[in-house]
Amino acid sequence: MDWDIKGKYCLVTGASSGIGREIALGLAKLGARVTMVCRDPSRGKAALEYVMDGSGNRAVDLMLADLSSQGRVKELATAYRIKHNSLHVLVNNAGIIMAKRELSVDGIEMTLAVNYIAGFMLTNLLLDLLKRAAPARVVNLTSSLHKAVRLDFDNLQGEKKYGRDLIYGQSKLADIIFTNELARRLEGTGVTANSVCPGAVSSNIWTHASKFVDTFFRILMKGPAQGAVLPLYVAASADIAGVTGQYFETGQHLKWTAVKTGGTACRPSDQACDLETAKKLWQVSASLTATDGLPRPSGSQ
Ligand SMILES: NC(=O)c1ccc[n+]([C@@H]2O[C@H](COP(=O)([O-])OP(=O)(O)OC[C@H]3O[C@@H](n4cnc5c(N)ncnc54)[C@H](OP(=O)(O)O)[C@@H]3O)[C@@H](O)[C@H]2O)c1
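Residues numbered from 1 in each chain as written. Predicted model: local features only at pLDDT ≥ 70, side-chain atom pairs only at ≥ 80, totals over all residues.

**Brief notes about the pairing of strand 1 (residues 9-13)**
Stage number 1. Most of strand 1 sits inside the fold, with five of its five residues counted as buried.
Stage number 2. The alternating pattern of strand 1 places Tyr9, Leu11 and Thr13 and Cys10 and Val12 on opposite faces, both of which are buried.
Stage number 3. As paired strands, strand 1 and strand 2 (residues 33-38) are joined by five bridges and run parallel to one another. Within strand 2, the residue paired with Val12 across the bridge is Met36.
Stage number 4. Handedness of the β-α-β unit built from strand 1, helix 1 (residues 18-29) and strand 2 comes out right-handed.
Stage number 5. As defined by bridge partners, strand 1 adjoins strand 4 (residues 89-92) across three bridges and the pair is classed as parallel. (Buried ≥ 20, exposed ≤ 12 C-beta atoms within 10 Å, placed from the backbone. Helix = DSSP H or I, 4+ residues; strand = E, 2+ residues; numbered from the N terminus. Pairing = 2+ DSSP bridges. Right-handed = clockwise from strand over helix to strand, strands pointing away.)

Set out below in structure tokens:
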């Protein structure tokens, strides 16, 4: 399958800082048309200038949306459709860690809302554009921390027990399960879906992590530019054209270790590959969002 990112329409969420901003920069440097989705106007404008100046590419634009709100996600999808009406690469990157349990305007636990539900919705809402533009790609940012938890449907939103790492891990596990199910549902369409853990990256996300991580461990982490290498590879490389339903991980977390782009995917946790869990998560997500325009995979309900 031919694949060249030059001139392709790419949308990156969480592009105001950290890994997302570097993914946007990397795509712009490769000659893609990049839409950066940010929630704060001034941080967004600064990031847009950073990407334009750093790449020399003028085909970069900014769209604003607070992705914790389902209404804003829908408005974003509509506004994107009006503005560009084409999409080849969707990178669901926006993410948070929350020290305390908070609810979104829709009454959904905030970590789940931003890290998982927003990507589930945005992907569904823009799927027809991706299919029309195929070959196209969905890239979902996840974390190897998903291996430390299991998805508990009775505590998906921390209703019974809230722990920052537990709920973050569950949201990142949901990202992988969703990605794999999406890949199955998109078989034969030319749209691929893969998830990627960028490794441990020093970024704003750790502000709400434990003091130990935010102070001591952060010093050892690699920078956002290094953290963007693998996501960029999954989003843009011709090496993995047609590869779908895979989980990519660097295995390299510290700043002094070389970052391999790595063409080989690895196996996520057992539950991340479980078909029944995937089916149930899709149903739960559809009921939480009233957004489910996707065809069922062959052989399933
Ligand atoms: N850093 C790591 O070690 C690591 C490891 C594994 C996976 N990841 C994943 O990598 C992704 C990027 O994280 P990062 O490390 O680059 O963190 P970051 O620097 O904090 O970036 C997170 C991005 O998400 C945006 N965001 C947060 N809440 C939002 C909302 N409600 N609406 C719209 N945008 C929102 C932030 O915007 P603001 O600037 O407005 O806050 C920011 O642009 C996340 O999905 C994370 O889970 C990171």
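**With respect to helix 5 (residues 164-185)**
Stage number 1. Taking 1.5 Å per residue as the helical rise, helix 5 with its 22 residues ought to reach 32 Å, and the 31 Å between its terminal C-alpha atoms agrees with that figure.
Stage number 2. Along helix 5, 17 of the 22 residues are buried, which leaves the element largely enclosed by surrounding structure. (Expected span 1.5 Å × (residues − 1).)

**Considering the nonpolar core**
Stage number 1. If you look at the biggest cluster of nonpolar residues, it comprises 84 residues, and the most contacted ones within it are Val12, Ala24, Leu27, Val34, Met36 and Val51.
Stage number 2. In terms of residues, this core owes the most to one element, helix 4 (residues 110-133), which gives twelve residues.
Stage number 3. In this view, Val34 contacts Cys10, Val12, Ala24, Leu27, Ala28, Val51 and Val60; residues no more than four positions away in its chain are not counted. (Core = buried A, V, L, I, M, F, W, Y, C linked by C-beta atoms within 7 Å. Contact = placed C-beta atoms within 7 Å.)

**Remarks on the environment of Ala28**
Stage number 1. Structurally, Ala28 can be placed in helix 1.
Stage number 2. Using a count of 23 C-beta atoms within 10 Å as the deciding quantity, one classes Ala28 as buried.
Stage number 3. Apart from residues no more than four positions distant in its own chain, Ala28 is found in contact with Val34, Val51, Ser55, Asn57 and Val60.

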